[in-house]
Amino acid sequence: MPRHAPDDRSDHALLDTLTHALGTGDAGAVDQAFETIYNTYAGSVAFVCGRFLTNDTDIRSVTDDVFVSFFQRAPYIEIESLRAYLCQAARRAALDFLRAKNRRERRLTELTFPDEDTDPLALIPDPDEDIPAHARYKALTADLCATVGQESAEIILSHAVCGESFPAIAARLGKKENTVKTAYHRAIKRFRKEKGDRWL
């Protein structure tokens, strides 16, 4: 069952713990902080990857790559929100993975079928293919829209799944930040009441 998205207070607490551990140089504390962050956010990162990747093995691989990169860079970067940083990194990593796969498939096509009019893009899996990870994202989107409406569903997906901040969502939608926050929390409460803990 997917974990609930951490709220802002727990996100800040995890970030403070990591910052303190890095500041003291205590290797054990650093490892513990990283392990806690991975256990807390791995599900969210994999879920974002599932928006773009259709193979569970690829999703797991890219998810691990996101955390390895974060662990390597953490001492040298400033982060305001762990969830936002990791989910945005997951989106970039998944798209980079698709681009690299596209390039590999193009080279393979040119090598294997030099005399045939073959579209190399056709070798890339259809993003609508019913593979479990991608199907879960489509099912959540459909459930959200049917339960709370399209706009509230967009707010939930943008914030809880993709890590977009409330001010950014409000600016994009042309609404006040408090209006977006209220819509988010009401929609989450309504969705959980009707669907239980199935998704969020």
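Provided above is the structure to which this section pertains.
An account of the accompanying structure is given in this report. Predicted, not measured: the structure shown is a model, and the values here were computed from it.

Thresholds, definitions, all that
- Residues numbered from 1 in each chain as written.
- Predicted model: local features only at pLDDT ≥ 70, side-chain atom pairs only at ≥ 80, totals over all residues.
- Heavy atoms only, no water.
- Salt bridge = Lys/Arg side-chain N within 4 Å of Asp/Glu carboxyl O.
- Helix = DSSP H or I, 4+ residues; strand = E, 2+ residues; numbered from the N terminus.
- Buried < 20%, exposed > 50% of the residue type's maximum accessible area, 1.4 Å probe, protein only.
- Core = buried A, V, L, I, M, F, W, Y, C linked by side-chain atoms within 4.5 Å.
- Contact = heavy atoms within 4.5 Å.
- Polar contact = N/O pair within 3.5 Å; in protein donor to acceptor, adjacent residues only side chain to side chain.

### Description of the pattern of salt bridges
No. 1: Taken as a whole and assessed by the stated rule, the structure comprises six salt bridges.
No. 2: For R172, the salt bridge is made with E154, and the minimal N-O distance between the two is 2.4 Å. Here R172 is found in helix α7 (residues 166-173), whereas its partner E154 is found in helix α6 (residues 150-161), with 18 residues between them in sequence.
No. 3: Assessed through its relative accessible area of 41%, R172 is described here as partly exposed.
No. 4: For K181, the salt bridge is made with E177, and the minimal N-O distance between the two is 3.2 Å. A residue pair is termed a helical-turn pair when its members lie 3 or 4 positions apart in one helix, as K181 and E177 do in helix α8 (residues 177-195) at four residues.
No. 5: A residue is classified by how much of its surface remains accessible, and K181, at 31% relative accessible area, is partly exposed.
No. 6: The partly exposed category is assigned to E177, whose relative accessible area is 31%.

### Describing the nonpolar core
One broad rule of soluble globular proteins: the nonpolar side chains tend to lie buried together.
No. 1: The biggest cluster of nonpolar side chains holds 29 residues, and the ones touching the most others in it are I37, F70 and L86.
No. 2: When contributions to this core are tallied by element, the ones reaching two or more residues are α1 (8-24), α2 (27-49), α3 (56-73) and α4 (82-112).
No. 3: No other element matches the nine residues that α2 contributes to this core.
No. 4: Once residues lying within four places of it in the same chain are set aside, the contact partners of F70 are L18, F34, I37, I79, L82, Y85 and L86.
No. 5: Formed by 17 residues, the second largest nonpolar core is a distinct cluster that contains V180, Y184, I188 and F191.

### Focus: the side chain of S158
No. 1: The residue S158 is located in helix α6 in this model.
No. 2: A residue is classified by how much of its surface remains accessible, and S158, at 10% relative accessible area, is buried.
No. 3: Here the side chain of S158 touches E154 through a polar contact of 2.7 Å, landing on its backbone oxygen.
No. 4: Non-local contacts of S158, meaning those with residues more than four positions away in its chain, are made with G163, E164, I169 and R172.

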